[in-house]
Amino acid sequence: MSEPDLVIDAKELTKVYGTGGSEVHALRGIDLEVRRGEMMAIMGASGSGKSTLMNILGCLDQPTDGVYVLNGARVDGLDRDQLADIRNREIGFVFQGFNLLARTTALDNVELPLLYDRSGRKLDSKALARDALERVGLGDRMDHQPSELSGGQQQRVAIARALVTNPTLILADEPTGNLDTHTSVEVLALFQELNAQGVTVLLVTHEPDIAAYAPRIMELRDGLVVRDHATVARQDAVLDPGGGEPVEPVESLKATS
Amino acid sequence: MRLRRFIDIALDSILKNKMRSMLTMLGIIIGVGAVMMMVAVGQGAKSQIRQSINGLGTNLIVVTPGASREGGVSRGAGTFNRLTVQDAEAIKRESLLLSGVSPVILAPTQAVGGQGNWRTMVRGVSTDYATIRDWNVSEGRLFDAEDLRGMRKVAVIGATVAKDLFPNQDPVGQNLRLRDVPFKIIGVLQSKGQTGMGNDQDDVILAPYTTVQTRLAGHQFIGQIVASSADPADIPAAEQEIRGIMRERHKLAPYEPDDFTVRDQTDIMQAAEGTTDVMTLLLAAIASISLLVGGIGIMNIMLVSVTERTREIGVRMAIGARGSDVLSQFLIESIVLSVIGGAFGVAVGFGGAEVIARLTGWSTAIAPAMVGLAMGFSATVGIFFGYYPARKAAQLNPIEALRYE
C-alpha cells in the first residue's frame, strides 16, 4: 500500500488531548513521508506539537486519527504489546537526557534492547553490542559505567543502544540538549556519519542550528506543518572519536547552545 | 536467558540498596524464623510424646471400661465400670497371643514412712506388669507370683517416692504405711522420668493387685487392664482376641456394642499427637502473622522502588520492553527479596530451635521438608505482595515515565 522505499508514510495525523470543552489539538493533520536512508529534522518551538509527533512516530503514543505506516506496515490501532515489539524492532531512541541505566556498564546498556527481542532469532547480543559500541567509537569504553563517561560519551552509548537492533529509523529527541557546543557537533557528526552508512535519522529539535545539519527540515507550528524543505546540510561537523584535536565550534552554535 | 537477566537485575537492585533491602527482608526473616521455631518446638514435643508413649512399654494394649466412641452412638459409655480383676485373669488364661496381662487398680494413697508423708498413686498390678511396661527395679526385687497369691503386703516404690521418703538411705527392707496398712518395701523402680505431658512417672508405688484390692481399694472393679503381645505384628489380632474374650465374659449380644475399649499404642499416640498438632498449628498461625507483616513491608518497598525507577521503566519500555517484561522484572525482584529473607529466616529458625532446645531440654526437630515449605511460602509472599507494585510499574505510560523527574 505504500512504496517500498518509504520508511514513514503518515497521512492526516491528528492528536487531541482531553475531552469536551478542554480539548487540546496537539496535531491538526500532518502528512509525512520519509524515505529510507534519509536524514531529516523536525523543528518547532515548544507547544508546536513536535513532541507529540515524535511520540506517535516512535510508537510510544497513538494518533487520535490518521494513518501511520511504518516500514510498510500500519501501526495505528495496535495494542501496547504490539507497539512495544515494534519499538524494539524498528526504532532506536536517542533522548536528550541520555537515559542510560546507572551503575550498568556501557556494554550492558547497549545490550539491553536485544534482551527484549521477541522475534525468536538467535542473537549474540554481546557481540552485537560490542559492534555497536565500536561503530560509535567507544570500543575502548565498554566496561565503563555512565558515571565514568563524559556527556558526549554517554550520548554515544545511547546512540549505540539505538543502533544495536539495526532499526528502521533512529529517532533522536533533542540529542544535543544536554551537551556543550563542542560535544554537540561531535554527536551531530556521528549522526551524519551513520546516515552516510544508510541509517535513517530523524532529529527532533527546537534549535535551527542543530536542524541545519540535516538535509531536510520540517517545521511545525500549532500542530501543523508550516514548512518542509530540503537544504544543503552543514558539513562542518567532524567525527572525532579519538578525542584528539577539538573541533572549532561554529559561531552561530555558540550563541544558541 | 531472559529469566537469568531479570534475576541479575533484581540482585543488582537489592545490592545497590543494602540497608533498605536488609530492613525489608527483616520482616520475612522474623516471620519465617518464628514459624520455623514454633513448628520445630511442636515437632520436638511430638517426638517427646512419642518417646514417652513408647516408654509405656512395648506392644502395649490397654483395655479401659466404657464403650468405644467409634461407630455410631455409644450406650452407657464410661458410665458404668464393669471391668474386673476376673476379666484380666480370664484374658490371661484364655489368650494365645498375649505375652503378659495385668490389671491395674489405681488407689490414690497417703504413704507414711521414712521421713514422713507422701501422697502418691498406688497401682495394684500383677507380676506381668514390669514386663509389659518394660520396667525393672534398680534395687531389691519385684514381687513374684508367691507374693501375689499370698496377698502379701509388699511394695515396690518409684524413684521419686524413694527420694522423698527415704533420702540418703536404702528404702529396701523398710516399712511403709499405706492407709494405715504396713507394707514392706522390697524394691525400688528404675527412674523413667517425665511423660510428654509433664507427669512424673516415678511418683508411683506398685503392689500386688490382690493386696491392693482387698486392703486399699475395697472393690473388684479396676481402672484398666494392660497387656502386651509377643510380636508387634500380632497387636491387631490380639486386640480382637481380647474383644472376643471380653464380650463373652460380659455376655454381650451381637447387636450390643462393646462396654469396654481396647486401644493400642498407635491409638494413644495418635490421640496425643493430634493434640500437639493442633498446638503446633496454633503457634504457627500466630507466628505467620509476622510473615504477613513482613510481606506488607516488601510491598511498601517495592512501591517506593517503582516510583524511584519510573524513568528507568520508561526507558525500558521505549526500547521495547512489554508490560509483562516490566512486571516480571519487579515481581522477580520482590520474590528474590522474600526468598533471600526466607533463607535467612530458615537459618534463624534453626538457630532459635537450637536455643529453645538448650533452654528447655526438649528435642526440637526441623524436618527437611519444612525448609522447602518455608522457602516456598516466602516465594508466595513475594509474589502476593510484589504483584501490585509490579503491575503498577507494568501499567505505566512510557511517555509519562520518560518525562518523570
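As the structure is a prediction and not an experimental result, all values here were calculated from the model. (Residues numbered from 1 in each chain as written. Chains lettered and ligands numbered in written order. Predicted model: local features only at pLDDT ≥ 70, side-chain atom pairs only at ≥ 80, totals over all residues.)

## Regarding the overall build of chain A
Link 1 in the chain: When its secondary structure is counted, chain A shows eight helices and 10 strands.
Link 2 in the chain: Burial statistics for chain A: of 257 residues in total, 48% are counted as buried.
Link 3 in the chain: Considering only contacts within chain A whose residues lie at least 6 apart along the sequence, 70% involve residues at least 24 apart. (Helix = DSSP H or I, 4+ residues; strand = E, 2+ residues; numbered from the N terminus. Buried ≥ 20, exposed ≤ 12 C-beta atoms within 10 Å, placed from the backbone. Contact = placed C-beta atoms within 7 Å.)

## As for the overall build of chain B
Link 1 in the chain: Across its full length, chain B holds 13 helices and 10 strands.
Link 2 in the chain: Summarising the internal contacts of chain B: among those between residues at least 6 apart in sequence, 82% fall at separations of at least 24.

## Quick word on helix 1 (residues 50-57) of chain A
Residues and elements named next belong to chain A.
Link 1 in the chain: In terms of residue burial, helix 1 counts as a mostly covered element, since eight of its eight residues are buried.
Link 2 in the chain: Residues Lys 50, Ser 51, Thr 52, Leu 53, Met 54, Asn 55, Ile 56 and Leu 57 constitute the buried set of helix 1.
Link 3 in the chain: Two residues or fewer after helix 1 comes Cys 59, characterised by a positive phi angle close to 60 degrees.

## Looking at the environment of Ala 394 of chain B
All names here are of chain B.
Link 1 in the chain: Of note, Ala 394 is situated in helix 12 (residues 368-394).
Link 2 in the chain: Under the C-beta neighbour-count criterion, Ala 394 is labelled buried, with 22 such atoms within 10 Å.
Link 3 in the chain: The sequence separation of Ala 394 and Ser 324 amounts to 70 residues, and the corresponding C-alpha distance is 6.5 Å.
Link 4 in the chain: Filtering out sequence-adjacent residues up to four positions away, Ala 394 remains in contact with Gly 323, Ser 324, Val 326 and Leu 327.

## Focus on the nonpolar core
Link 1 in the chain: In terms of nonpolar packing, the biggest core is built from 127 residues, with Ile 42, Val 110, Ala 160, Leu 202 and Leu 203 of chain A touching the most fellow members.
Link 2 in the chain: Broken down by element, the residue count for this core peaks at 14 residues, all from helix 2 (residues 18-54) of chain B.
Link 3 in the chain: Once you skip the residues sitting within four places of it in the chain, Ile 42 of chain A turns out to touch Lys 50, Leu 53, Met 54, Leu 202, Val 204, Met 218 and Leu 220 of chain A.
Link 4 in the chain: Counting residues in each nonpolar core, the second largest holds 51 residues, with Ile 91, Ile 105, Val 161 and Ala 207 of chain B among its members. (Core = buried A, V, L, I, M, F, W, Y, C linked by C-beta atoms within 7 Å.)

## With respect to the interface of chain A and chain B
Link 1 in the chain: If you look at the interface, chain A gives 18 residues, while chain B gives 16 residues.
Link 2 in the chain: For the side of chain A that touches chain B, the secondary structure elements donating two or more residues are helix 2 (80-90) and helix 3 (106-115) of chain A.
Link 3 in the chain: Counting residues per element, the side of chain A that touches chain B draws most heavily on helix 2 of chain A, which supplies six residues.

## A closer look at the packing of helix 3 (residues 85-94) of chain B against helix 8 (residues 235-249) of chain B
All names here are of chain B.
Link 1 in the chain: Between helix 3 and helix 8, whose axes approach to 10 Å, the crossing angle comes to 130 degrees. Viewed along their axes, helix 3 and helix 8 adopt a mutual orientation that is oblique. Pair helix 3 / helix 8 crosses with right-handed handedness. Taken together, the residues of helix 8 that come into contact with helix 3 (itself represented by Asp 87, Ala 90, Ile 91 and Glu 94) are Ile 242, Ile 245, Met 246 and Arg 249.
Link 2 in the chain: Looking at the contact of helix 3 with helix 8 residue by residue, the classes come out as five nonpolar, no polar and three charged. (Axes fitted to C-alpha atoms, helices over the stretch in contact; angles between N-to-C directions. Parallel < 35°, antiparallel > 145°, perpendicular 65-115°, else oblique. Left-handed = near helix turned anticlockwise from the far one by under 90°. Nonpolar A, V, L, I, M, F, W, Y, C, P; charged D, E, K, R; others polar.)

## Topic: the pairing of strand 10 (residues 224-230) of chain A
Residue and element names in this part refer to chain A.
Link 1 in the chain: The element strand 10 is largely exposed, with a buried count of zero among its seven residues.
Link 2 in the chain: As judged from the six bridges shared by strand 9 (residues 216-221) and strand 10, these two strands associate in the antiparallel manner. Its bridge partner lying in strand 10, Arg 221 is registered against Leu 224.
Link 3 in the chain: In this antiparallel pair of consecutive strands, strand 9 and strand 10, the connection spans two residues, and Asp 222 shows a positive phi of 50 degrees. (Pairing = 2+ DSSP bridges.)

## A closer look at the confidence of the model for chain A
Link 1 in the chain: Residues at a pLDDT of 70 or more form 91% of chain A, whose mean pLDDT is 87.
Link 2 in the chain: Note on residues 241-257 of chain A: pLDDT under 50 across the span, and 22 contacts to partners over four residues away in sequence or across chains. (pLDDT = per-residue confidence, 0-100.)

## Let's talk about the confidence of the model for chain B
All names here are of chain B.
Link 1 in the chain: Confidence in the prediction of chain B, expressed as mean pLDDT, is 84, and 94% of residues score 70 or more.
Link 2 in the chain: Helix 1 (residues 2-16) is the least confidently modelled element of chain B, averaging 79 in pLDDT, while helix 10 (residues 310-318) averages 94, the highest of any element.
Link 3 in the chain: At the level of chain-chain contacts, confidence expressed as ipTM amounts to 0.88, with global pTM at 0.69.

## Comments concerning the sheet that holds strand 4 (residues 65-70) of chain A
Link 1 in the chain: Here four strands make up an open sheet; going across it, the order is 2-1-4-5 (chain A) and the pairing antiparallel. One side of each edge strand has no neighbouring strand; the edge strands of this open sheet are strand 2 (24-35) and strand 5 (73-74) of chain A.

## Details of the sheet that holds strand 10 of chain A
All names here are of chain A.
Link 1 in the chain: Spatially, six strands are ordered 6-7-8-3-9-10 in an open sheet, and the strand pairing comes out mixed. Each end of this open sheet is capped by a strand with a single partner; those strands are strand 6 (91-94) and strand 10. Strand-to-strand twist of the sheet, defined as the mean angle between neighbouring strand axes without regard to direction, takes the value 15 degrees.
Link 2 in the chain: With four bridges connecting them, strand 3 (residues 39-43) and strand 9 associate as parallel partners. Each residue of the ladder has a partner; that of Ala 41, found in strand 9, is Ile 217.

## Observations concerning the packing of helix 9 (residues 265-308) of chain B against helix 11 (residues 323-360) of chain B
Residue and element names in this part refer to chain B.
Link 1 in the chain: Interaxial distance between helix 9 and helix 11 falls to 11 Å at its minimum, and their mutual angle equals 140 degrees. Where helix 9 crosses over helix 11, the two elements pack in a sense that is right-handed. Contacts between helix 9 and helix 11 involve Gly 294, Ile 298, Met 302 and Val 306 on the former and, on the latter, Phe 330, Ser 334, Leu 337, Ser 338 and Gly 341.
Link 2 in the chain: Across the contact of helix 9 with helix 11, the residue classes break down as five nonpolar, four polar and no charged.

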